[in-house]
Structures are given as structure tokens and as C-alpha cells.
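Residue-level structure breakdown
Chain by chain, the residues:
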Amino acid sequence: RGDVDVVVGTRSGVFAPLENLGLIIVDEEHDASYKQEESPRYHGRDVAVVRAQQAGALVVLGSATPSLESYHNTVNQRYERVVLGQRVLDRPLATVSVVDMREEMAVHGSDVVLSASLQEALSARLDRKEQALILLNRRGYAAAMLCRQCGHTLECPNCSVSLTLHQAVGRVRCHYCNYSLAKPVACPHCAGAFLDHVGFGTERIESELAGQFPEAVIARLDRDTIRRRGVLQKLLSRFARQEIDILVGTQMIAKGHDFPAVTLVGVISADVGLGLADFRAAERTFQLLTQVAGRAGRGEKRGEAIVQTFYPEHYSIGFACQQEYEPFFRAEMRFRDSMRYPPAMAMVNLIVRAGTFARAMTEATKLG
């Protein structure tokens, strides 16, 4: 009826029935959660652009790390580019240092989780009563369970991916379909009793920090810890009141938060996303690292970020640490152009189903 002037919403808010639409603001426009994976499939940012076009309205796409699609549109002058040249109150960006974990492993062994420089920086923050954020974009205790006797890895029967160990609840779980079973005491393949933990997640980091800094108040923020309603807000409120010294979390802690007492951000396994079978893996890694580094030094004290990685020479990690978007865009576009990936080209995903594999291949070939 025109009673409401401003609508604030999530992805589906783009469909709000406003008659006289004049402005749509898409905040953090690069965020993958704007894309709906189930039917009806749509991308909230793209719908916003089309809807504003139809209504003769203005769209503002806001991000410190724009999606390649949006930035490509500014390069091609389809969009107008507006730059915020400095932070609020002209505060400096956090200083970022990179730790090569290959060197750390050579000195401290293959089981090292926290580098010496990150441990020293955390100790200094605790002495000064400052706060720290530790990011690892993988939840659980261990990334996989491997049998030393037969080499079998526990896998999800539905998704054929490794089951993640969640130590606190004593279960192994698939992070795709949520299939789970009690933590086995023997290998289901050979009945061997030698099951090793491979890799680590936020639960293991929390445990390591508690052992290293017993006097510190440590909390964890990931999908496992905020299942109950109200827990997320309660945890963030406690951190804002400085009742928590170190907050460990997944990408949920990386963006949108403003905690002035946070002067240190530590990134464990910065390259964890680079191994995904996704042509946007480098872009997502760059965005996540740049965003999380921006959480440090938002108050009067200067911030520091320490990035642990096995691939310090990878361009997405290098440019994220320098907090340089344009060089990253140019490097990534060379890859996208050569491989004919978006935004160099539009892609359509087609799923072919048939009673037999041969029939599916025949139909797909005809379609191609």
C-alpha cells in the first residue's frame, strides 16, 4: 500500500512488493549466499540489477572485494565505479605478514597447527588485554579419519567425500548431506584399530589454544556452536563486551563485524579453499582473506594479521596480504579469459538424467 519506505531483507528481500522503487542497495554484493541453490534458482544481486532496470531505479553494489563479474562491468563501463579511498577516521589498514607452514613443519614437525609467530602475537595481545580473531574455514576436529592398516578413509556413502570428525559429540559427519554415524573405534573396511586423524578444523584449533593459553577465555563460532536459537547473538555480545579474549571461527567471523579491541587476526590454513573444484576458488580465497584482515585495527590501536599457508607464492594469497584488489583482478582475469570462464563468458549448467549411463551420455551429446 506504500506504507513502508525502506525494506531491509536477506536474499529474498529483493522481491519485496514496493510500488515506487527508487533504490536497491546490495551490501557485500560478492557474497556467495546471494545465490540460491534450490528451486527457484536465482542470484539476489542479479535480480536486484534487473528489477532496478525495469523500475528505472538506482542500484548500489557495495563491497571491499567486489565479485569479478561486477568489477568487470565497471571496467567495461556498464557500471559506474565509486571508490572509498580510506577507512573511517583515516585509520590505517592492518599490517599483514605471511608464515610459510612448510618451514614451520620442518622445524616443529608435521603436526604443527599454530606457528611460532602467531603464538607470540597471541601472547602479546593477552598481556595487553587486547582481543584476537582466529579464522579457519573448516569446522569440526579433524578433516578425515584414515586407517593406517589399509589406507581406507571414512567416506560418506551418499557424497563420496571424507567424513569430518566432530570430537565434542563423538561423531563423524558429512558436511554436504549431513549423514553421520558414531565415531568408529575400528576401520569398517579391515577392522583395524589404527584410525588416525587427518587435517584439522575449528574444534581442534579451540582445543590447541586452550592448551597453549589456559588463562585465556576462548570461544568458537561456527555452524556447530550456534545451532540453538539466540546463541550467535549472545556469543557476539560477549565478545563485544570483551568477556572473550580469543574468538575462533569459520568465515562467519570474517565480515561485517566491528570490534574495536581486536588488534590481531590469525588465519590458519589460508589455502584451504584453493583445493576446491571450483573456478572461483582463488577469488573466494582472496575475498575471505582480505575481509578477515579488515577486522583488525578498527579501533584506535593498529591492527595486525598473520596468515599461515603452504602456498605463500599463490597470487590470491599474495595480493590479499597486500590488500590490493586491482592486481588480483588482472591476474585472475588472465586465468578466466584463457579458460573461457565467467565473467569472460556466460555459463549455463544443464543436468541430464536417464535410466542408464550410456543413454545419459547419448542425450548429453545430442544436446551439446
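What counts and what doesn't
Residues numbered from 1 in each chain as written. Predicted model: local features only at pLDDT ≥ 70, side-chain atom pairs only at ≥ 80, totals over all residues. Heavy atoms only, no water. Helix = DSSP H or I, 4+ residues; strand = E, 2+ residues; numbered from the N terminus. Expected span 1.5 Å × (residues − 1). Buried < 20%, exposed > 50% of the residue type's maximum accessible area, 1.4 Å probe, protein only. Contact = heavy atoms within 4.5 Å. Core = buried A, V, L, I, M, F, W, Y, C linked by side-chain atoms within 4.5 Å. Patch = residues over 30% accessible without salt bridge, like charges linked within 9 Å, V, L, I, M, F, W, Y side chains within 5 Å. Areas by Shrake-Rupley, 256 points an atom, 1.4 Å probe, with all protein chains shown as cover. Salt bridge = Lys/Arg side-chain N within 4 Å of Asp/Glu carboxyl O. Pairing = 2+ DSSP bridges. Axes fitted to C-alpha atoms, helices over the stretch in contact; angles between N-to-C directions. Parallel < 35°, antiparallel > 145°, perpendicular 65-115°, else oblique. Left-handed = near helix turned anticlockwise from the far one by under 90°. Nonpolar A, V, L, I, M, F, W, Y, C, P; charged D, E, K, R; others polar. Arc of directions from axis to C-beta.

Compared with the 21 Å implied by 1.5 Å per residue over 15 residues, the 21 Å span of helix α9 (residues 325-339) between its first and last C-alpha is a close match. Burial in α9 covers these residues: Tyr325, Pro327, Phe328, Phe329, Ala331, Glu332, Met333 and Arg336. Looking at the buried residues of α9, the elements they touch are α2 (68-75), α7 (281-293) and α8 (315-322). Just beyond α9, the residue with positive phi is Arg340, at close to 55°.

Within the largest apolar cluster, 38 residues are counted, with the highest numbers of intra-cluster contacts made by Leu133, Leu221, Phe239, Leu247, Val265 and Val267. Sort the elements by how many residues they give to this core and α7 lands first, with 6 residues. The contact partners of Val267, leaving out residues within four places of it in the chain, are Leu135, Leu289, Val292, Ile306, Val307 and Gln308. Within the second largest apolar cluster, 23 residues are counted, among which are Leu122, Ile246, Ile268 and Ile306.

The next subject is a nonpolar patch on the surface. Taken together, Leu23, Ile25, Leu58 and Val60 make up a surface patch of nonpolar side chains, about 380 Å² in accessible area. At the level of elements, β1 (23-27) and β2 (58-62) are the ones that each hand at least two residues to the nonpolar patch. Locating Val60 in the fold gives a position in strand β2.

The parallel open sheet is built from 6 strands, whose spatial order is β3-β13-β12-β4-β11-β10. Edge positions in the sheet fall to β3 (95-100) and β10 (218-221), since each of these pairs with one other strand and no more. Between one strand axis and the next, the sheet turns through 20° on average, direction left out of account. Pairing of strand β4 (residues 131-135) with strand β11 (residues 246-249) involves 4 bridges; the strand directions are parallel. Within β11, the position partnered with Leu133 by the bridge is Leu247. The strands touched by helix α3 (residues 101-108) within the sheet are β3 and β13 (304-309), with β3 carrying the most contacts at an inclination of about 50°. Sheet contacts for α7: β3, β4, β12 (262-267) and β13; angle to β12, the most-contacted strand, approximately 155°.

What follows is about the packing of α8 against α9. It is the contact of α8 with α9, at a shortest axis distance of 9 Å, that shows an interaxial angle of 165°. Judged on the interaxial angle alone, α9 and α8 are roughly antiparallel. Viewed along their axes, α8 and α9 form a crossing whose handedness is left-handed. Taken together, the residues of α9 that come into contact with α8 (itself represented by Tyr315, Ser316 and Phe319) are Pro327, Phe328, Ala331, Glu332 and Phe335. The residue inventory of the contact of α8 with α9, partitioned by class, reads 6 nonpolar, 1 polar and 1 charged.

Attention now moves to helix α4 (residues 116-127). Compared with an ideal rise of 1.5 Å per residue, which puts 12 residues at 16 Å, α4 spans 17 Å between its outermost C-alpha atoms and is within 8% of the ideal. Of all the residues in α4, the buried ones are Leu118, Ala121, Leu122, Arg125 and Leu126. Down the axis of α4, the sector holding all buried residues measures 135°, keeping them to one side. Exposed and facing more than 90 degrees away from the buried side of α4 are Glu120 and Asp127. Taken together, the buried residues of α4 touch β4, α5 (202-212), β11, β12 and β13. Of the residues trailing α4, Lys129 is marked for its positive phi of about 60°.

Within the open sheet, the 3 strands sit side by side as β6-β7-β8. Their pairing is antiparallel. The open sheet has two free edges, formed respectively by β6 (164-166) and β8 (180-182), since each of these has just one partner strand. Ignoring which end each strand starts from, the neighbouring axes of this sheet average 25° apart. Pairing of β6 with strand β7 (residues 171-173) involves 3 bridges; the strand directions are antiparallel. Within β7, the position partnered with His166 by the bridge is Arg171.

A complete count under the given rule lists 25 salt bridges for this structure. In this structure, the salt-bridge partner of Arg81 is Glu326, at a minimum N-O distance of 2.8 Å. With Arg81 in the loop between α2 and β3 and Glu326 in helix α9, the pair connects residues that are 245 residues apart, well separated along the chain. For Arg81, a relative accessible area of 44% gives the class partly exposed. Taking the relative accessible area as the measure of exposure, Glu326 reaches 35% and is therefore partly exposed. Connected via shared salt-bridge partners are Arg125, Arg128, Glu130, Lys301 and Glu304.

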